[in-house]
Amino acid sequence: MTAKNILLILGDQLSLDNPVLGMGQPGRDVVVLAEVVEEATYVLHNRHKVALIFSAMRHFRETLIELGYDCLYYPLEEGLQSLEEALAAALADSGATSVYVCQCGEYRLQEHMQGWQQSLSVPIHILPDSRFLASHDDFESWAKGKKQLRMEYFYRQMRKRYGILMEPDGTPCGGKWNYDALNRKGWRAQVAVPERPVIQADAITAEVIRQVEGAFPANPGDLSQFNLAVTAESARAQFDWFVDNALGSFGCYQDGLAEESPWLFHSLISMYLNIGLLEPLPVCRAVEEAYRAGRCELADAEGFIRQVLGWREYVRGIYWHFMPTYKTRNELAADVPLPGFFWDGDTDMRCLSVALKQSLDLGYAHHIQRLMVIGNFALLAGLDVQEVCDWYLAVYVDAFEWVELPNTLGMALHADGGIMASKPYAASGKYIQRQGNHCKQCIYDPKRTTGEGACPYNSLYWRFIDRHLEAFQGNPRMSLVLANWRKRPEEEREAIVQWADEQVMAPLVQP
Ligand code: FAD
Ligand code: DLZ
Ligand code: SF4
């Protein structure tokens, strides 16, 4: 008889396709799941995220037991500090002599893991994470020799490789790779937003919510609004609901900003994909199938598949390709302390207040809120890159560093010097007004740049351009905006920058 192994499953690896399960044998090996202090506190996680992960872990244990696995489950009350401490306890409790674990999603934890073999004196087998559609090797061979790592080309290769939205002759469906131009309609309440299904919390979830409320009193998140799936089956039902009820308007209003809905027609599946309750390939295939059956337009299907098959895989590749130095980058020298209103949403800027409040309360904001409302404000105001990244990692229910960091530091803050984006995602209030209906509820006027009632995004936008004229000098995608700024009379430029400094920035940095 061969020796007993521990199959360690982390809180974001809750999939029956987790490769460690393939290495194990029910009846001989023991699966270990552990709620530990370090993972639960390394940032001020949103309570929705902790409740989701703990409840999903506890449900996953039930599934594994039904499948015949022995499980050792350490709840948070046991007070285990770290995954290493949990493994030490599990080795002692089970008599196992080696450990299998799937590669983790964060550099921080990977570094710890690499020391476990020595500290625990047992072989630790770290298996590649097969739940992504591009392995680290795939990304590296795509990136090799390229001066620029543009998502669009990575995405095309993924479409070909997986044969998604492709014609038999090898051309993309509809003749174009990308229908982004059709994904930018502004929101003016043109159609009804479907009501999201209510997910009933069972006894396990109710108990977890009670415990999380008690254990994390200072964290963001209003758990009275908890409405997340905690099993693979329930996550799939949520995704199916999206395909049936929202996908048909997804493409058109993907970039919309709405007063009346935090999610519009978005799928709300990132948290399930990121913790293993859903897998990316079946999700993409189901959306392609909906298109081929005439249940949505090509722009809806392509817009969605681009996010999952393209952006999601690409940002993971960027993270592992450039870490650990990626995290320290701050190309635009942004160092203004994070304003206090990031923690309560209490600002008169209506678009920002709505996005911040729902992020804090629900752990959710859709992409354009994250990028063009919150991220854009942080970029224009020059907020400290590390503090902003920590905020994003804390606040969102789907936040794990492999996906959060490239999106925040790279895409939103342009702090990686253009690895992720060929030009900064900087925009004035005009963009926010065009994309949605917040401005009508705002005390500020998106048409004014200076003077009483001027929208702060406007003067901040020009101040940002002014401050970084040199940095953007050689960027052809910025030449028009730089020329527009330069051709304004000097006194006008000075007045705008002065307004931004004195009326917008000064109150932000007051102690
Ligand atoms: P939908 O709009 O319905 O999109 C479908 C799916 O595509 C998402 O579920 C997600 O899995 C994937 N996706 C879409 N855009 C991206 C992207 N840029 N990068 C990776 N995957 C993408 N996503 C996270 O999963 N975790 C994060 O911590 C995170 N932080 C972000 C921070 C910033 C500053 C920005 C600009 C974006 C961030 N994103 C993050 C990406 C994106 O905003 C979220 O994935 C999306 O809003 C989740 O909502 P949804 O499931 O309704 O997405
Ligand atoms: C996010 C998280 C939290 C809040 N708690 C746990 C936990 O108690 N036990 C665990 O195994 N995983 C948890 N996680 C997920 C880990 O932080 C995640 O596996 C790493 O950040 C790597 O992505
Ligand atoms: Fe946002 Fe400016 Fe519109 Fe107010 S006026 S909602 S601050 S863009």
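Since we're looking at a predicted model, the values are computed, not measured. (Residues numbered from 1 in each chain as written. Chains lettered and ligands numbered in written order. Predicted model: local features only at pLDDT ≥ 70, side-chain atom pairs only at ≥ 80, totals over all residues. Heavy atoms only, no water.)

Draft legend 1. Geometry of the site of ligand 1. In the region of ligand 1, 29 residues are neighbours, and His266, Ser267, Leu268, Tyr364 and Asn407 sit closest. Measuring from an oxygen atom of ligand 1, one finds a backbone N or O atom of Ile269 at 3.0 Å. The side chain of Gln307 places a nitrogen or oxygen atom 3.4 Å from a nitrogen atom of ligand 1. Relative to its unbound accessible surface of 820 Å², ligand 1 loses 99% to contact with the protein. Elements with a minimum of two residues in the shell around ligand 1: helix 11 (270-275), helix 13 (298-322), helix 15 (367-381) and helix 17 (401-412). (Near = heavy atom within 4 Å. Polar contact = N/O pair within 3.5 Å; in protein donor to acceptor, adjacent residues only side chain to side chain. Areas by Shrake-Rupley, 256 points an atom, 1.4 Å probe, with all protein chains shown as cover. Helix = DSSP H or I, 4+ residues; strand = E, 2+ residues; numbered from the N terminus.)

Draft legend 2. Quick peek at the pattern of salt bridges. If you walk through the whole model with that rule in mind, you get 21 salt bridges. In this structure, the salt-bridge partner of Arg108 is Glu106, at a minimum N-O distance of 3.0 Å. A relative accessible area of 6% means that Glu106 is categorised as buried. As a salt-bridge pair, Arg184 and Asp180 come within 3.0 Å of each other at their nearest N and O atoms. Here Arg184 falls in the partly exposed class, since its relative accessible area comes to 44%. Taking relative accessible area as the criterion, Asp180 reaches 25% and is therefore assigned partly exposed. (Salt bridge = Lys/Arg side-chain N within 4 Å of Asp/Glu carboxyl O. Buried < 20%, exposed > 50% of the residue type's maximum accessible area, 1.4 Å probe, protein only.)

Draft legend 3. Focus on helix 6 (residues 136-143). Every buried residue of helix 6 is accounted for by Phe139, Trp142 and Ala143. With its buried residues spanning 95° around the axis, helix 6 presents them on a single face. Away from its buried face by more than 90 degrees, helix 6 exposes Asp137 and Ser141. Looking at the buried residues of helix 6, the elements they touch are helix 7 (151-162) and helix 13. Positive backbone phi, at 80°, marks Gly145, one or two positions downstream of helix 6. (Arc of directions from axis to C-beta. Contact = heavy atoms within 4.5 Å.)

Draft legend 4. A look at the packing of helix 15 against helix 17. Contact pair helix 15 / helix 17: the axes reach a minimum separation of 10 Å and the direction vectors enclose 55°. As summarised for this structure, helix 15 and helix 17 are arranged oblique, according to the angle between their axes. Taken as a pair, helix 15 and helix 17 cross one another with a handedness that is right-handed. On helix 17, the residues that touch His367, Leu371, Gly375 and Leu379 of helix 15 are Asn407, Met411 and Ala412. Across the contact of helix 15 with helix 17, the residue classes tally to four nonpolar, three polar and no charged. (Axes fitted to C-alpha atoms, helices over the stretch in contact; angles between N-to-C directions. Parallel < 35°, antiparallel > 145°, perpendicular 65-115°, else oblique. Left-handed = near helix turned anticlockwise from the far one by under 90°. Nonpolar A, V, L, I, M, F, W, Y, C, P; charged D, E, K, R; others polar.)

Draft legend 5. Representation of the side chain of Asp300 within the structure. Topologically, Asp300 is positioned in helix 13. No salt bridge is formed by the buried Asp300; the nearest opposite charge belongs to Arg306, separated by 9.8 Å. At 2.8 Å, the side chain of Asp300 and the backbone nitrogen of Gly251 are in polar contact. With sequence-adjacent residues up to four places away left out, Asp300 is seen in contact with Leu247, Gly248, Ser249, Phe250, Gly251 and Cys252. (Lys, Arg positive; Asp, Glu negative; His and termini not counted.)

Draft legend 6. Just the packing of helix 9 (residues 232-245) against helix 12 (residues 280-292), in detail. Packing of helix 9 against helix 12 leaves a shortest axis separation of 11 Å and a crossing angle of 25°. In terms of orientation, helix 9 lies roughly parallel with respect to helix 12. In this structure, the crossing between helix 9 and helix 12 has a hand that is right-handed. Residues Arg236, Phe239 and Val243 of helix 9 pack against Pro282, Val283, Ala286, Val287 and Ala290 of helix 12.

Draft legend 7. Expanded view of the packing of aromatic side chains. One pass over the full model with this rule turns up 29 aromatic pairs. Relative to Phe250, the ring of Phe242 lies with its centre 5.9 Å away and its plane at 85°, an arrangement referred to as edge-to-face. Both residues of the pair, Phe242 and Phe250, belong to the buried class. Ring-pair connections join several aromatic residues into one group, and the members of that group are Phe341, Phe342, Phe377, Trp391, Tyr392, Tyr396 and Tyr457. Here Lys49 stacks its cationic end above the ring of Phe400, 4.7 Å away from the centre of that ring. Sitting above the plane of the Phe132 ring, Arg316 keeps its charged end 3.8 Å from the centroid. (Phe/Tyr/Trp six-rings, centres within 6.5 Å; stacked < 30°, edge-to-face > 60°. Lys NZ or Arg CZ within 6 Å of the ring centre and 35° of its normal.)

Draft legend 8. Fine view of the side chain of Thr347. Within the secondary structure layout, Thr347 lies in the loop between helix 13 and helix 14 (350-362). Residue Thr347 is classed as buried on the basis of its relative accessible area of 14%. Only 3.1 Å separates the side chain of Thr347 from the backbone nitrogen of Met349, close enough to count as a polar contact.

Draft legend 9. Region of interest: the sheet that holds strand 5 (residues 124-127). The sheet built from five strands is open, its strands ordered 3-2-1-4-5 with parallel pairing. In this open sheet, the two edge strands, each paired with only one partner strand, are strand 3 (70-74) and strand 5. Ignoring strand direction, the axes of neighbouring strands in this sheet form an average angle of 25°. Strand direction decides the pairing type here: strand 1 (residues 5-8) and strand 2 (residues 30-34), joined by three bridges, are parallel. Across the sheet, residue Leu8 finds its bridge partner in strand 2, namely Val32. Docked against the sheet, helix 3 (residues 47-66) engages strand 2 and strand 3, running at close to 160° with respect to strand 3. Seen against the sheet, helix 5 (residues 107-120) touches strand 1, strand 4 (98-102) and strand 5 and runs at an angle of roughly 165° to strand 5. (Pairing = 2+ DSSP bridges.)

Draft legend 10. Here's a closer look at the domain arrangement of the protein. According to the domain assignment, the protein contains domain 1 (5-127), domain 2 (136-194 + 246-322) and domain 3 (340-509). Measuring from the centre of the C-alpha atoms in domain 1 to the corresponding centre in domain 2 gives 31 Å. Between domain 1 and domain 2, the contact holds 15 residues from the first and eleven residues from the second. Overall, the association of domain 1 and domain 2 removes approximately 870 Å² of surface from exposure, summing both partners, and the carbon and sulfur fraction of that is 61%. Linking domain 1 to domain 2 there are zero salt bridges. Linking domain 1 to domain 2 there are three residue pairs in polar contact (both at pLDDT 80 or more). (Domains from an automatic or database assignment. Buried area = accessible area lost by both parts, 1.4 Å probe.)

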